[in-house]
Amino acid sequence: MKKHNFYAGPSILSQYTIKNTADAIINFADMGLSILEISHRSKQFQAVVDEAVALVKELLEVPEGYSVLFLGGGASLQFAMAPMNFLNKKAAYLDTGVWASKAIKEAKLFGEVDVVASGKDSHYTVIPKDWTVPADVDYFHYTSNNTIYGTEIRKDPDVPVRMICDMSSDIFSRPVDVSKYDMIYAGAQKNLAPSGVTIIIVKDSALGHVDRVIPTMLKYQTHVDKGSMFNTPPVLPIYAALQTLKYYKSLGGVREIEKMDIAKAEKLYEAIDNSKMFVATVPGKEDRSIMNVCFVMKPEYKELEKTFVEFATERGMMGIKGHRDVGGFRASLYNALPMESVEALIACMNEFEGIYAK
Ligand SMILES: *Cc1c(COP(=O)(O)O)cnc(C)c1O
């Protein structure tokens, strides 16, 4: 039976990525050796890093004066590393969910944090709208896509200061005005590669303005100076990331990808909105994520949630159980997921309704 991969992360990768990565595990760059057993300083692997950096810059139209890094430690390390490198006195943060809250907690270790707004009262089903960022903060941090709650900010905010953004779960799903940001980071395992690497886009001239002592490994400047090769980088995830980046380019870049992503999400939200049984957890259309679609059973069908997960899994729908904080279901529609999988899920929902709807 064909499997449809809706996992939230780690999550679906293109067949191109999987196939080429598998091949490189056997024989990398015709070296007669596996990519798992060669030096990260070999000219063959240096070429992988160079090409990956160039493709990130090309796909996101990164302006001059920015560096692209591939580091370990996950997006979670960036929650601390960003304030360590950028927060002198005070920073502003928008609280839109679990990941944003974790970033806020770490920032507080390094200075004053102004939480400009929080979606907590709505259980993070609404993106707060009325907030302003004071002009005297070192930066404004937000999370563009809230993987757990299925909300998303798809437009680069207009604020009077430079921005830092956690784009872990929607990077490469839209064009970004990188020039508004001092730093963008994204753990790879949602839209790019297996876990183990974090992509960082940092403005070179924004570095070096904090007074504190920063350990060598936690300083962006170290990695900028050494081109992500200060220590051994996550070789295999970087190789896989390069394959995905090439695949994205072959699709026509992020503008084309965005159209496909929007089409997939619209189709699924429409099916949910028109259903007798299911209801989306995010009420406002403008707040709905095109990457993670969260939905639950209407109150009168609540007891059927477990049954539906089993029913869908038996039909090849993998990873649709909702996060424990939200319950119900979450279908992650990352870039590599084909429309065919969305259609299969909708067919499965319709079949279930046909059997169980009162
Ligand atoms: C998954 C995720 C993280 C955590 O990433 P790790 O690589 O596990 O540290 C952070 N932020 C967002 C938005 C995520 O989706």
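Residues numbered from 1 in each chain as written. Predicted model: local features only at pLDDT ≥ 70, side-chain atom pairs only at ≥ 80, totals over all residues. Heavy atoms only, no water.

What about the packing of helix α8 (residues 305-314) against helix α9 (residues 339-356)?
Quick note on the threshold: Here, axes are lines fitted to C-alpha atoms. For helices the fit covers the stretch in contact, and angles between N-to-C directions go from 0 to 180 degrees. Elements are defined by DSSP. Helices are runs of H or I of four residues or more, strands are runs of E of two residues or more, and each kind is numbered from the N terminus. Here is the rule for angles: anything less than 35 degrees is roughly parallel, anything more than 145 is roughly antiparallel, 65 through 115 is roughly perpendicular, and the remaining ranges are oblique. Helix crossings fall into two classes, left-handed where the near helix is turned counterclockwise from the far one by less than a right angle and right-handed where it is turned clockwise. The contact rule is simple, with two residues in contact once any of their heavy atoms fall within 4.5 Å. Any residue outside Ala, Val, Leu, Ile, Met, Phe, Trp, Tyr, Cys, Pro, Asp, Glu, Lys and Arg is labelled polar, Gly included; the first ten of those are nonpolar and the last four are charged.
Direction vectors running N to C along α8 and α9 enclose 130 degrees, while the axes themselves pass 10 Å from each other. Between α8 and α9, the angle is such that the two are oblique. Regarding α8 and α9, the two cross each other, and that crossing is right-handed. Along its contact with α8, which presents T307, F308, F311 and A312, the element α9 presents C348, M349, E351, F352, I355 and Y356. Split into classes, the residues belonging to the contact of α8 with α9 amount to 8 nonpolar, 1 polar and 1 charged.

Overview of unusual backbone geometry
At the junction of G9 and P10, the peptide bond is cis and its omega measures out at -10 degrees in the coordinates. Mapping P10 onto the fold places it in the loop between β1 (4-5) and α1 (15-26). Phi at Y124 takes a positive value of approximately 60 degrees, unusual for a residue other than glycine. Summarising the element assignment, Y124 is placed in the loop between β4 (112-118) and β5 (140-143).

Some remarks on the sheet that holds β4
The test is simple: When DSSP finds at least two bridges between two strands, those strands are taken to pair.
Reading across from one edge, β2-β10-β9-β8-β5-β3-β4 is the order of the 7 strands in this open sheet, with mixed pairing throughout. For this open sheet the edge positions go to β2 (66-71) and β4, each flanked by a neighbour on one side alone. Ignoring which end each strand starts from, the neighbouring axes of this sheet average 15 degrees apart. Across 6 bridges, the pairing between strand β3 (residues 90-95) and β4 is parallel. Note on β4: the bridge partner recorded for L94 is A117. Helix α3 (residues 74-86) contacts β2, β3, β8 (163-166), β9 (181-187) and β10 (198-203) of the sheet and is inclined by roughly 160 degrees relative to β9.

Re the packing of α3 against helix α4 (residues 98-107)
Two elements in contact, α3 and α4, have axes whose closest approach is 8 Å; the angle formed by their N-to-C orientations is 40 degrees. The angle between the axes of α3 and α4 places the two elements in the oblique class. α3 and α4 meet at a crossing whose hand is right-handed. In contact with S76, F79, A80 and P83 of α3, α4 contributes W99, K102, A103, E106 and A107. A breakdown of the residues in the contact of α3 with α4 according to their chemical character gives 6 nonpolar, 1 polar and 2 charged.

A look at helix α7 (residues 254-273)
Short version of the rule: Multiplying 1.5 Å by the residue count of a helix minus one yields the expected span of that helix. Accessibility here uses a 1.4 Å probe with only protein chains present; expressed as a share of the type maximum, an area under 20% marks a residue as buried, one over 50% as exposed, and anything in between as partly exposed. For this quantity, the arc is that covered by the directions from the helix axis to the C-beta atoms.
Over its 20 residues, α7 extends 27 Å from the first C-alpha to the last, a length consistent with the 28 Å expected when each residue adds 1.5 Å. All of the buried residues in α7 are V254, I257, D261, K264, A265, L268, Y269, A271 and I272. End-on, the buried residues of α7 take up no more than an arc of 160 degrees, which puts them together on one face. Set apart from the buried face of α7 by more than 90 degrees, the exposed residues are K259, E266 and E270. Those residues of α7 that are buried lie in contact with α2 (43-59), α6 (235-251), β11 (278-280), β12 (292-297), β14 (329-332) and α9.

Structural notes on the pairing of β10
With respect to burial, β10 is a largely interior element, 5 of its 6 residues being buried. Across 6 bridges, the pairing between β2 and β10 is antiparallel. Residue pairing for β10: F70 is matched across the bridge by I199. Note that β9 and β10 share 5 bridges and pair antiparallel. For M183, the partnering residue across the bridge sits in β10 and is V202.

Considerations on the nonpolar core
Selection criterion: We define a nonpolar core as any set of buried Ala, Val, Leu, Ile, Met, Phe, Trp, Tyr and Cys residues linked to one another through side-chain atoms lying within 4.5 Å.
Ranked by size, the top nonpolar core spans 56 residues in total, and within it F45, F70, F140, Y142, F172, I199 and I201 carry the most contacts. Sequence-distant contacts of Y142, that is, excluding residues within four places in its chain, are made with L94, I153, K155, D156, P157, M163, I164, C165, D166, M167, R174 and Y181. With 37 residues, the next largest nonpolar core counts F278, F295, I320 and C348 among its residues.

Re the domain arrangement of the chain
Keep this limit in mind: The split into domains, and so the bounds of each, comes from an automatic or database assignment of domains. Buried area: the sum, over both parts, of the accessible surface (1.4 Å probe) that disappears when the two are put together. Every case where a carboxyl oxygen of Asp or Glu lies within 4 Å of a side-chain nitrogen of Lys or Arg is listed as a salt bridge. For this analysis, a polar contact is any N or O atom pair within 3.5 Å, provided that within protein one partner can donate a hydrogen and the other can accept it, and provided that sequence-adjacent residues contribute only side-chain to side-chain pairs.
As assigned here, the chain comprises domain 1 (15-251) and domain 2 (253-356). One C-alpha centre belongs to domain 1, the other to domain 2, and the line joining them spans 27 Å. Each side of the interface is counted separately: domain 1 has 29 residues, and domain 2 has 26 residues. Summed over both sides, the interface between domain 1 and domain 2 buries roughly 2,300 Å², with carbon and sulfur atoms accounting for 53% of that surface. When the buried surface of domain 1 facing domain 2 is broken down by residue, I148, P175 and L251 rank first, second and third, together holding 22% of it. Taken together, the links from domain 1 to domain 2 amount to 3 salt bridges. Two residues, K129 and D287, come together in a salt bridge whose shortest N-O distance is 2.9 Å. Here domain 1 and domain 2 share 16 residue pairs in polar contact (both at pLDDT 80 or more) between them. Only β7 (151-152) and α6 provide two or more residues apiece to the side of domain 1 that touches domain 2. With 3 residues, the top contributor of residues to the side of domain 1 that touches domain 2 is α6. Across the side of domain 1 that touches domain 2, the residue classes tally to 12 nonpolar, 9 polar and 8 charged.

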